[in-house]
Amino acid sequence: MSTPPHRYEDGSVLAIDAGNSKTDVAVIGADGRVLGTGRGGGFQPPLVGVQVAVDALAEAVGAALDAAGVTGVDHVSACLANADLPVEERELATAVQARGWGHTTEVYNDTFAILRAGVDEPRGVAVVCGAGINCVGMLPDGRTARFPAIGKISGDWGGGGGLADEAMWFASRAEDGRGEPTALATVLPAHYGVESMYALVEALHLGRIPSVRLHEAAPLVFAVSASGDAVARGLVHRLGDEVVAMASVALGRLGLLEEAAPVLLGGGVLAARHPELDGRIRSLLTERAPKAEIRVVTAAPVLGAALLGLDVVGADGEVRGELRAQYA
């Protein structure tokens, strides 16, 4: 005779890491063991609305809870894409709490998952470059540093999307004579299988090349920069400057500029460890925060969400170590 699932055990955590393209869920026992996992699609409340986006989490959450043999947990720790402002975090926390998955709920921007996954205690700064760019920092006493990271209207530039847009701008102007020469004007059309930048612009504008493919231009910027192209190199340096600007401001807000403190780099663009970008970041950050400890985070972000949850329920170092060992 099977044992019926129980509601939750004290100290258990439901960790959710929901990005634009996929969602990972894990149920963590009070001892730090992973009891069940689930995976789902992307989380995009700006496109579908908060309630529909949270509804979309239900399948992955349900799979994780079923695998763990429970119907709920003590605490839900959800690190969600598009939770860019504290007001959005609060709105999403209310919606997640209403699903009844846990006794309590806390929602964070998903960049906090990258940060927490890379540190032994909630102390340091993380910069993430994927399609966009974001930076957060935190201290054990609960203080945080963050940016809106909404885009140009909030002063943000960078990530794969920013590089791709700028590459198109410079390449178009190089071809028609308004701008300085750059190899991007020939490399970009060749990559997309057309004969000129004009043809590439036309194909993107008319939808013959899907706009979602524009992100493919970002790696080309690094390749062209490595060949010595001044325009491409300028874009790589600009991205490095943005990463350092965000990290140093966040460190300053938390009083960590003069202390040994981790600066975590995450997301596809930074995790690729492009030598020129990596060198630019390390050189500039050494000037502004000489004691900063730069690390690249490769751990699963859901680990960070789980650790944030264990922080809330007061788990000790042994429990957190058990969890890390399973994700190692």
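Rules used in this analysis
Residues numbered from 1 in each chain as written. Predicted model: local features only at pLDDT ≥ 70, side-chain atom pairs only at ≥ 80, totals over all residues. Heavy atoms only, no water. Pairing = 2+ DSSP bridges. Helix = DSSP H or I, 4+ residues; strand = E, 2+ residues; numbered from the N terminus. Axes fitted to C-alpha atoms, helices over the stretch in contact; angles between N-to-C directions. Contact = heavy atoms within 4.5 Å. Parallel < 35°, antiparallel > 145°, perpendicular 65-115°, else oblique. Left-handed = near helix turned anticlockwise from the far one by under 90°. Nonpolar A, V, L, I, M, F, W, Y, C, P; charged D, E, K, R; others polar. Salt bridge = Lys/Arg side-chain N within 4 Å of Asp/Glu carboxyl O. Phe/Tyr/Trp six-rings, centres within 6.5 Å; stacked < 30°, edge-to-face > 60°. Buried < 20%, exposed > 50% of the residue type's maximum accessible area, 1.4 Å probe, protein only. Lys NZ or Arg CZ within 6 Å of the ring centre and 35° of its normal. Patch = residues over 30% accessible without salt bridge, like charges linked within 9 Å, V, L, I, M, F, W, Y side chains within 5 Å. Areas by Shrake-Rupley, 256 points an atom, 1.4 Å probe, with all protein chains shown as cover. Expected span 1.5 Å × (residues − 1).

It is worth spelling out the sheet that holds strand 4 (residues 73-80) at this point. In space, the 5 strands of this open sheet follow the order 3-2-1-4-5, with mixed pairing throughout. At either margin of the open sheet sits one strand with a lone partner, and together these are strand 3 (34-41) and strand 5 (102-109). Direction aside, the axes of adjacent strands within the sheet are offset by 15 degrees on average. Note that strand 1 (residues 13-18) and strand 4 share 6 bridges and pair parallel. Paired with isoleucine 16 across the two strands is alanine 78, which belongs to strand 4. Against the sheet, helix 3 (residues 86-97) engages strand 4 and strand 5, with an angle of about 150 degrees to strand 5. The sheet strands contacting helix 12 (residues 301-313) are strand 1, strand 2 (22-28), strand 4 and strand 5, and the helix crosses strand 1 at an angle near 145 degrees.

What describes two packed helices is the angle between their axes and the distance between those same axes. Across the interface, helix 6 (residues 184-192) lies against helix 8 (residues 217-226) with an axial gap of 11 Å and an inter-helix angle of 140 degrees. Comparing the axis directions of helix 6 and helix 8 gives the class oblique. Crossing handedness for the pair helix 6 and helix 8: right-handed. Residue-level inspection shows Leu184, Val187, Leu188, His191 and Tyr192 of helix 6 in contact with helix 8, the latter providing Ala217, Leu220, Val221 and Val224. Classifying every residue of the contact of helix 6 with helix 8 gives 8 nonpolar, 1 polar and no charged.

In total, this model carries 18 salt bridges according to the counting rule given. The shortest N-O distance in the salt bridge between arginine 39 and aspartate 24 comes to 2.7 Å. With arginine 39 in strand 3 and aspartate 24 in strand 2, the pair connects residues that are 15 residues apart, well separated along the chain. Residue arginine 178 pairs with aspartate 176 through a salt bridge whose shortest N-O separation is 2.8 Å.

Here we have 5 strands laid out as an open sheet, ordered 8-7-6-9-10, and mixed in their pairing. Edge positions in the sheet fall to strand 8 (144-146) and strand 10 (292-296), since each has one partner strand and no second. For this sheet, the mean angle separating the axes of adjacent strands, direction not counted, is 15 degrees. With respect to the sheet, helix 9 (residues 230-253) is in contact with strand 6 (124-129), strand 7 (133-138), strand 8 and strand 9 (261-266), its orientation differing from that of strand 7 by roughly 20 degrees.

A full pass over the atoms with the stated rule returns 2 aromatic pairs. Between tyrosine 108 and phenylalanine 112, the ring centres sit 6.2 Å apart and the planes meet at 55 degrees, which makes this aromatic pair tilted. By relative accessible area, which is 3% here, phenylalanine 112 ends up buried. Positioned over the ring face of tryptophan 157 is arginine 238, at 3.8 Å from the centre of the ring. Its end group placed over the ring of phenylalanine 147, arginine 253 keeps NZ or CZ at 4.8 Å from the ring centre.

This part is about a nonpolar patch on the surface. On the surface, a cluster of nonpolar side chains totalling about 300 Å² of accessible area is made up of Leu47, Val48 and Val52. Inspection of the secondary structure assignment puts leucine 47 in helix 1 (residues 45-48). For leucine 47, a relative accessible area of 66% corresponds to the exposed category.

Right, let's get into the packing of helix 5 (residues 159-176) against helix 7 (residues 197-206). Running from N to C, helix 5 and helix 7 point in directions that differ by 135 degrees, and their axes come no closer than 9 Å. On the basis of their axis angle, the class for helix 5 and helix 7 is oblique. Judged by residue contacts, Met168, Ala171, Ser172 and Glu175 of helix 5 engage Met197, Tyr198, Leu200, Val201 and Leu204 from helix 7. Taken together, the residues that form the contact of helix 5 with helix 7 break down as 7 nonpolar, 1 polar and 1 charged.

What follows concerns the pairing of strand 1. Counting buried residues in strand 1 gives 6 out of 6 residues, a clear majority hidden from the surface. On strand 1, burial covers both faces: Val13, Ala15 and Asp17 on one face and Leu14, Ile16 and Ala18 on the other are all buried.

Before going further, it helps to spend a moment on helix 12. Here helix 12 is 13 residues long and its end C-alpha atoms lie 19 Å apart, about the 18 Å a rise of 1.5 Å per residue gives. Within the span of helix 12, buried status applies to Val302, Leu303, Gly304, Ala305, Ala306, Leu307, Leu308, Gly309 and Leu310. One or two positions beyond helix 12, positive phi appears at glycine 314, with a value near 80 degrees.

Without other data, these values stay purely geometric and don't point to any function.
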